[in-house]
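Each chain, letter by letter, is given below.
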Amino acid sequence: MGVSAVRDVDVCVVGLGPTGRALAHRAMRAGLRVTAIDPRPDRLWPPTYSCWVDELPGWLPSSAIASTIPRPTVWAKSEHRIDRPYCVLSKTGLREALPLDDATVRAGRATEVGAHTVELADGATITAATVFDTRGLPTLGRRRAASAHGIFVAAETAAPMVEEGEGLLLDWRPENGAGPGEPPSFLYSVPLGDGTVIFEETSLGLRGGMPQRELRRRTLNRLAAHGIRLTGDEPTEAAHYPLDQPPPRKGEARAVPFGSRGGMMHPCTGYSVADSLALVDTAITAVQQGRDPVAELWPLRARLVYWMRMRGLWGLGRLTTDQSIAMFDAFFTASPRGQRALLSAHDDYTALGAVLFNTVAHTWPFRWRFDLVGWTHRNRWLDYDFDQAPVSAARR
């Protein structure tokens, strides 16, 4: 069926996660006619979202932040305090900061999403000058993954490890019970601003990811090492998604993928929401001015950053625990700009290239640098079988 020259709306957003809702909200505020589609548009998002405070756009009110950690901690060979405020977003506060009162919100499932048309399961068709596809990531399969198992613990119970106003961004201390011949993982733990703390064992870069049961076992081992015992009734959350979703190509006649679906998932950290929020206005301005949003979102310098971060992801996915500790210890001695270039900056390719080179150059022993760049052990953990893993002393 041909597309009429007269569109129903200016912008159609398919998917109302934080990214899609922000895109629809800012398009509405810019005076565009907006339709947003989601099977469950009123659902509160399940995951916990966090980011660096300075990543958030100026238009987002402080009510979107649930808790702030002024100087988060990284444990590698030694303790590092990062002089950069970090925050946990309030899911309720973020949603309330992104009202869609002047947009048309439809509860429905999209069956076909094209450059100018969206077909719904109920038979309806919506036409738009621009369609944004923000439905999240496709299935994982054997792709390089972020896997995490989080346990929500009362703040007073968590205090031996995480006190009020503190947070563990990366905890590589050897307390999770994993043996030297097993794929590595680290702990992430932050207060959520509601009287609870999340303890989340995390794996980055493994093909197919790490099983939830293994991540939970490692989390409980860490807590036990600090005298924290749980009842077993604590709420949990699970994360399991690919890290290697590429940016879209310019000039393709299709809906504009945005957010994690559009290459904004950070390959080395698994973060996407803050970068997506920061780029929403870039996309909307491109629509208003008749330019290609993909070209505006992904100039050459941003594509170079993505390419270099993918090299970092491949490196992460083949390291041992000891190598990971050495590598992160080298990285967190870099300058604030260098750290920011890897962790969050969308297009600072010169600083990113420098910090990646210096991280490899300062990782010790020297021979481990060959693993980092892929000259040796390129497929170290490929097809690792957690069910058949040897029972080491650390696992008993």
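Fair warning: this is a prediction, and the values are worked out from it, not measured in the lab. (Residues numbered from 1 in each chain as written. Predicted model: local features only at pLDDT ≥ 70, side-chain atom pairs only at ≥ 80, totals over all residues. Heavy atoms only, no water.)

**Student:** Explanation requested: a nonpolar patch on the surface in the structure shown.
**Tutor:** A cluster of nonpolar side chains, namely W364, F366, F370, V373 and W375, defines an oily patch on the protein surface of about 580 Å² accessible area. Among the structural elements, W364 can be located in the loop between α10 (349–362) and α11 (368–373). (Patch = residues over 30% accessible without salt bridge, like charges linked within 9 Å, V, L, I, M, F, W, Y side chains within 5 Å. Areas by Shrake-Rupley, 256 points an atom, 1.4 Å probe, with all protein chains shown as cover. Salt bridge = Lys/Arg side-chain N within 4 Å of Asp/Glu carboxyl O. Helix = DSSP H or I, 4+ residues; strand = E, 2+ residues; numbered from the N terminus.)

**Student:** What should I look at first to understand helix α1 (residues 18–29) in this one?
**Tutor:** Counted at 1.5 Å a residue, the expected span for α1 with its twelve residues is 16 Å, and the 16 Å between its end C-alpha atoms agrees. In terms of burial, α1 is largely enclosed, as ten of its twelve residues are buried. Within α1, burial applies to P18, T19, G20, R21, A22, L23, A24, H25, A27 and M28. Elements that come into contact with the buried residues of α1 comprise β1 (9–14), β2 (34–38), α2 (91–96), β11 (125–133) and α5 (273–288). A positive backbone phi angle near 90° is found at G31, which sits one or two residues after α1. (Expected span 1.5 Å × (residues − 1). Buried < 20%, exposed > 50% of the residue type's maximum accessible area, 1.4 Å probe, protein only. Contact = heavy atoms within 4.5 Å.)

**Student:** Is there a simple way to explain the pattern of salt bridges in this structure?
**Tutor:** Any two side chains of opposite charge can pair, so long as their charged atoms come close to each other. Applying the stated criterion across every chain, the model contains 25 salt bridges. Residues R340 and D54 are paired through a salt bridge, measuring 3.3 Å at the closest nitrogen-oxygen approach. Here R340, found in helix α9 (residues 336–343), pairs with D54, found in the loop between β3 (50–52) and β4 (65–69); they are 286 residues apart in sequence, far enough to count as distant. A relative accessible area of 31% means that R340 is categorised as partly exposed. Here R143 and D244 are joined by a salt bridge, their closest N and O atoms 2.8 Å apart. Of this pair, R143 sits in the loop between β11 and β12 (144–154) while D244 sits in the loop between β16 (236–242) and β17 (256–257), and the two are 101 residues apart along the sequence. Via salt bridges that share partners, E182, E214, R217 and R218 belong to a single interconnected network.

**Student:** Help me understand the packing of aromatic side chains in this model?
**Tutor:** How two aromatic rings sit relative to each other is given by the distance of their centres and the angle of their planes. Across all of its chains, the model carries twelve aromatic pairs by this definition. Between W381 and Y384, the ring centres sit 5.8 Å apart and the planes meet at 85°, which makes this aromatic pair edge-to-face. The class for W381 is buried, based on a relative accessible area of 11%. Residue Y384 is classed as partly exposed on the basis of its relative accessible area, which comes to 22%. Among the aromatic residues, those joined into a cluster by ring pairs are W172, F186, F328, F331 and F332. (Phe/Tyr/Trp six-rings, centres within 6.5 Å; stacked < 30°, edge-to-face > 60°.)

**Student:** Just checking my understanding: could you explain the sheet that holds strand β7 (residues 86–89) for this structure?
**Tutor:** Each strand in a sheet pairs with its neighbour through backbone hydrogen bonds, running either in the same direction (parallel) or in the opposite one (antiparallel). The three strands are arranged β3-β7-β4 in an open sheet whose pairing can be described as antiparallel. If you trace the sheet from one side to the other, it starts and ends with β3 and β4, each paired once. Pairwise comparison of adjacent strand axes, ignoring direction, gives a mean angle of 25° for this sheet. Inspection of the sheet shows β3 paired to β7 by three bridges, in the antiparallel sense. Bridge pairing links W52 to Y86 in β7. (Pairing = 2+ DSSP bridges. Axes fitted to C-alpha atoms, helices over the stretch in contact; angles between N-to-C directions.)

By themselves, these figures tell us nothing about what the structure is for.
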